[in-house]
Structures are given as structure tokens and as C-alpha cells.
Amino acid sequence: MSSNDQARGVTRPSLTRRDFLQRAGWGSVGMTGLIVGASRSPAMAHPPSPYPSWVPPSDKTPKRGGILTRASAWDPPVLDPRLTNSVGLSQIATLVYNRLLRYPFTDEAKNNKDLTLKGDLAESWEGSADFKTWTFKLRQGVKWHNVAPLNGRELVAEDVKYCYEAYAKEGVQAFTFQEIDGMETPDKHTIRIHLKTPNTMFPENVAEAVTTIFPREVLEEDGDLKKRMIGTGPFILKENERKVKVVLTRNQDYFDKGFPYIDEYRILSTPDAATRLAAFRTGQSDILQLQSLADVATVQKTNPNAVIQEVTTVLAPFGLNLRADKPPFNDVRVRRAMSMAIDRQKQVDTLFEGHAILGWGVPYFYWSNELPSAADLGPYWQYRPEDAKKLLAEAGHPNGFETTLFYYEYFPQMTSQIQLVQQDLKRNLNIELKITKQDYTTYFGRYADGKWDGTAWGFQTGYAVSRDERTYHYMHSKSPKNYFRVNDPVVDELATKLRQTPDRAEQQTLTKKIVEREHDQVLRMWMPYDAGFILWQPHTRNIGQLDMRANHGYGSSTVARLWFDK
């Protein structure tokens, strides 16, 4: 068994399409066919969609050249990868930097579910018998960008060691790297990482989009990483004009020879959805994300040749976040009452045209063999307004109360969704939500820093692919990535045990217990969500959207394989 195979065997199985479908109980039915033929209620799964869930890579010989342009909803709040998990930064950082490991690119993946670990800066990796030591062998000849002060010098193991030590000192990535007990560099192309406790899934953690390797020279000269980005990646940062545009140019010395294909990638800051839509329709933007079937149909009228992919919804990233460490939300009865007072199915049927899930926070295939039903989510996910009233009165709030909510409109339907929640809580519990809409940078900073009271339309950032990130890192009480401020000793214990368990069946059992505990205590109040649709201009190739790795966001590194057929 090779070191890569051994590491994967210890952590997560390689999810081929056949394996994934069998695991989910779908036999040999294709993804779209499954949804059409499934005898489930609308609350269960997406209804039929005319669009495929996978766009396979082109079998033509790629062409070099061209400028990729995208009108983006996200502006990076800061350039320092230690200080943010924002998709606004990851859309750039994953192209400028590399990681030790990565997940498949579009032209390598067997399907949109493929989660087979690949080497990035590391060409092989191996874990010890007790899962406390992981050894990574680096590629030889990898060069930093030929930009001062790096000037194209070779990347070595000491660079990785320095970067991981810097991550551990401060920032939102610190939790990942503070579990490291020590690191050795036996030679310039080998790094051996010793962990404080066993972690069978550590290779997956260093494959996440937020574990990019940055150079010591920039941090030492500038004191931070807020001013420049110099990496080893397929693109070089040429321009960065805050809230205007980012321009990336092809790195001619990229270690993965022949890539990238395009010469330049322009990301235009475009917070207004209507402007993004207009840019795509007129050919000024090559990619567009939409949330609803109706919106897609509208675009097709003017752009009939656009390539459209339905993105599989495996979890909900958004929900009502309550300050559960303060009254009245520290009372589980209040949280349960609020959850039962919200008509989620109405949101699914109206806002998302039936094309959405009710909402859960851990990818379902980590804890269930099939798409969860409403009943699987527990009693507090059901719409039971009379029971909600009784429970809120029992908690001492028979006349309701007032509180605040702030949010950023990630997609146009979000405002309407929040208003439906506001109306349900007012009508059923006399809870008055005072709502404030904010710009992305203000919202992200305020929310991630926890500098708020009352409620927020909360998120879990979309970068996390691994089971460990979605449980231990997002739900452990000590984690800075725990944006929903979950503080539950049962969850802490289960999540810790999970990462120390190599058996796959036991991993699923433990994950299910975490999810059941979350739903029973209403630790995170998820709301319906539809991952939506990705539209590309017809001349783009190798564009298939990968589940949990949006190739215009946290999975942007796959842009290196994109090319123009024109």
C-alpha cells in the first residue's frame, strides 16, 4: 500500500460515483434521475430539475490564452489568510497559494462527489500507527513567484514549518495548527508533524482551502499579510483595488507544467445581484450563480447557449443564530419554541420553488445513508406553532419579547427568507425581530468576531469539506471557527472521539449522534437552502462544479484547469 493509499484508508474512503450512490442507497441511478424518481415529500429532496448535476471535462485538446472575468458578490475583508475564512479571500488565495494536499480538480474528478485526496505541495504522505505523527514528502523544484523579495526561490520544508507555526500563533486558523505538538524537517523536502492527540483526519484538514502556504519573507518584512500575496500557485496577484477589482496573471513558472491555460483572471467586485446578472447576459462576466429555477429560466431566454449545472445541496450554510450564552436564548425551551414556530416547508415551497432542503448543518452523507426526511431532523424542526406557544410560555415569555437580527444578503431570496421568519415568529410567538441589513465586510467582521447580541442570520463558511472540520472545528466549544457559538459538553466529547476513530462505520455512528444532539438542543437553527445553479458562458471548458468546493469560491484553484474553446 502506498503512503497516499494508506493515509486515505485511515481517513475517509475515496467516494467514486458508484460508491457514493450505493452508500446513499440510490443504486445505479444518476443524481438527477434519483431526484426525479424518488418517492419522497418536497421536504426531502429537490424536485426534478432539467439541468445536470455534473459537467464532465472536455475531451478536446485545451487551448491556451484568454481572459476569464467574473462579477463577484464577495470582496475580501482582508488579504491575510490567518485572519479570515471568507470566501472573498479564498477566491483569490487558492489561486495564488498552494496547500500541502488538495481535493480533485474538475478535469481529474470522476464526478462532482469525488473527494479523493491529491498531493499539492506534497507528493506523498503517511500516518503513524497511532495517528499522532504525519510525514509529508514535498515536491522538488517548486518555486515561489518571481516577485521580490522571494524572487523565485525554491520552496522547502522549513517554509511549511514556519507557516504552520505562524497560523498557530493567531487568527481563525489557529485551532487547526495548535493541535501540533512539534515539527521536524529531516531534509529540505520532508516535514514530519507530531500532534498532541491522535487525529485520523489530519491530512484532510491540511487540504482545506484555508490552509494555504504563505512565505516568511512577507510576514517578517511587513509584520502581517494584509498588503501583498506572494505564493507558489498558478496565478500571480497583479492588482488588488479594494471593492473594485482583483487581477491575477498566469504564473509561467508554475510547478504543475502546462497550467494554467488562461492568461488572466479578473474578479470584479459586484455586490448588486442585478448588476452581476446584467454582466453575464452581456458577456462581460463568464460565470453566474443563481438560486432559483425561475431565475435560470429567465437567463436562458437571453442566453440560450449558457452551460448550466445544478449544484447538489448536501447541507445548509445559513440559519438563525441565537446568542445562546445569554438570556433568553440560553434556555433550550426558547430555542425549541422558536424553531417550531417557523414554517420551513413554506420557505421551500415559495422562495425556492420546492427546490431546496429543510436544512441541516453537517453534510448528510457523513451521518445518513440517504437524504434525511423531515422526521429524521427531529420534533423541533417540525412546524408546530401551538406547541411552540406553550413551550415559550413555560419558559416565562407568554407575551413574547423583542430582539435584533442583522444579515448580509448573500443571494436575493435571503431577504425574503428572513422576512418570512420574522413574520412567523411575530404571528406565532409575538417575538419582534428588528432587522438590519449590512454590507459584506461589516457583516462578516461583526459576525465572525461575535460582537453582537440578540440574533443574526448566521453562516458556517463554505470552505470545509472534511468531516472533522464540519464537526470538531465548527462545533467544539473552544474553536474560533465555531461561529454559532455552540457550547455543549456532549458535542465536545463526541467530536473529540470522532477524530480519533479510524473505523468508517463508527465515524458515521458518532457523527449521527452529534447531529441528533444538535437538533435536540437546537444548537444551530438551520433554515431551508438550495445550493442553486452555476451558469457559464458557452466557450468555457473544464468548468464542472464540485460539491462543497465551488470553483468560483473556495474551490477556485480548479480555475487553473479551465480553458476557452474559441
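Residues numbered from 1 in each chain as written. Predicted model: local features only at pLDDT ≥ 70, side-chain atom pairs only at ≥ 80, totals over all residues. Heavy atoms only, no water.

Q: Explain the overall build of the protein chain to me, using residue names and the numbers behind them.
A: A tally of helices and strands in the protein chain yields 18 helices and 20 strands. Since a compact globule built from 566 residues should have a radius of gyration of about 24 Å, the 23 Å found for the protein chain is in line with a globular shape. Projected onto the principal axes, the alpha-carbon positions of the protein chain cover approximately 70 × 55 × 50 Å. In the protein chain, the share of contacts with a sequence separation of at least 24, taken over all contacts with a separation of at least 6, comes to 73%. For the protein chain, the distance from the average position of its 72 positive side-chain charges to the average position of its 68 negative side-chain charges is 2 Å. (Helix = DSSP H or I, 4+ residues; strand = E, 2+ residues; numbered from the N terminus. Rg over C-alpha atoms; globule rule 2.2 N^0.38 Å. Contact = heavy atoms within 4.5 Å. Lys, Arg positive; Asp, Glu negative; His and termini not counted. Charge placed at Lys NZ, Arg CZ, Asp CG, Glu CD.)

Q: With reference to specific residues and values, describe the packing of aromatic side chains.
A: This model, assessed by the stated rule, comprises 35 aromatic pairs. A centroid spacing of 5.8 Å and a plane angle of 70° characterise the contact between phenylalanine 329 and phenylalanine 401, whose relative ring orientation is edge-to-face. Of the two residues, phenylalanine 329 is situated in the loop between strand E13 (318-322) and helix H11 (332-340) and phenylalanine 401 in the loop between helix H13 (385-394) and strand E14 (402-407); the sequence distance between them amounts to 72 residues. Phenylalanine 401 matches phenylalanine 329 in its accessibility class, with the two residues each being buried. Relative to tyrosine 410, the ring of tyrosine 408 lies with its centre 5.0 Å away and its plane at 80°, an arrangement referred to as edge-to-face. Sitting over the face of the ring of phenylalanine 105, arginine 102 holds its NZ or CZ atom 3.8 Å from the ring centroid. A cation over a ring is seen here: arginine 499 above tyrosine 472, with NZ or CZ 3.8 Å from the ring centre. (Phe/Tyr/Trp six-rings, centres within 6.5 Å; stacked < 30°, edge-to-face > 60°. Buried < 20%, exposed > 50% of the residue type's maximum accessible area, 1.4 Å probe, protein only. Lys NZ or Arg CZ within 6 Å of the ring centre and 35° of its normal.)

Q: Talk me through the environment of methionine 525; I want residue IDs and the actual numbers.
A: Within the secondary structure, methionine 525 is located in strand E17 (residues 525-526). Measuring from C-alpha to C-alpha, the distance between methionine 525 and phenylalanine 484 comes to 9.2 Å, with 41 residues separating the pair along the chain. Discounting chain neighbours no more than four positions away, the residues touching methionine 525 are Gly319, Leu320, Leu322, Arg335, Met338, Ser339, Ile342, Arg344, Trp381 and Phe484.

Q: Describe the pattern of salt bridges, listing the residues and the values that go with them.
A: A complete count under the given rule lists 38 salt bridges for this structure. The salt bridge partner of arginine 153 is glutamate 217, with a shortest N-O separation of 2.7 Å. Of this pair, arginine 153 sits in the loop between strand E5 (133-138) and helix H5 (157-169) while glutamate 217 sits in helix H8 (residues 216-222), placing them 64 residues apart in sequence. Using a relative accessible area of 25% as the deciding quantity, one classes arginine 153 as partly exposed. Residue glutamate 217 is classed as buried on the basis of its relative accessible area of 17%. The shortest N-O distance in the salt bridge between aspartate 256 and arginine 561 comes to 3.0 Å. (Salt bridge = Lys/Arg side-chain N within 4 Å of Asp/Glu carboxyl O.)

Q: Give a detailed account of the side chain of glutamine 173, specifying residues and quantitative values.
A: Topologically, glutamine 173 is positioned in the loop between H5 and helix H6 (174-177). When its relative accessible area of 0% is taken as the criterion, glutamine 173 is described as buried. Only 2.6 Å separates the side chain of glutamine 173 from the backbone oxygen of proline 81, close enough to count as a polar contact. The residues contacting glutamine 173, other than those within four sequence positions of it, are Pro81, Arg82, Thr84, Asn85, Tyr167, Val210 and Lys481. (Polar contact = N/O pair within 3.5 Å; in protein donor to acceptor, adjacent residues only side chain to side chain.)

Q: Pulling in residues and values, what's your account of unusual backbone geometry?
A: The omega angle of the peptide bond from alanine 148 to proline 149 is 5°, so this bond is cis rather than trans. The amide bond that connects proline 327 to the next residue, proline 328, takes the cis arrangement and shows omega of -5°. By secondary structure assignment, the location of proline 328 is in the loop between E13 and H11. Look at lysine 243: it is not a glycine, yet its phi comes out positive at around 60°. Looking at the secondary structure, you find lysine 243 in the loop between strand E8 (235-241) and strand E9 (245-250). Positive phi, normally seen in glycine, also occurs at glutamate 353, with a value near 55°. Its location among the elements puts glutamate 353 in the loop between helix H12 (344-350) and H13.

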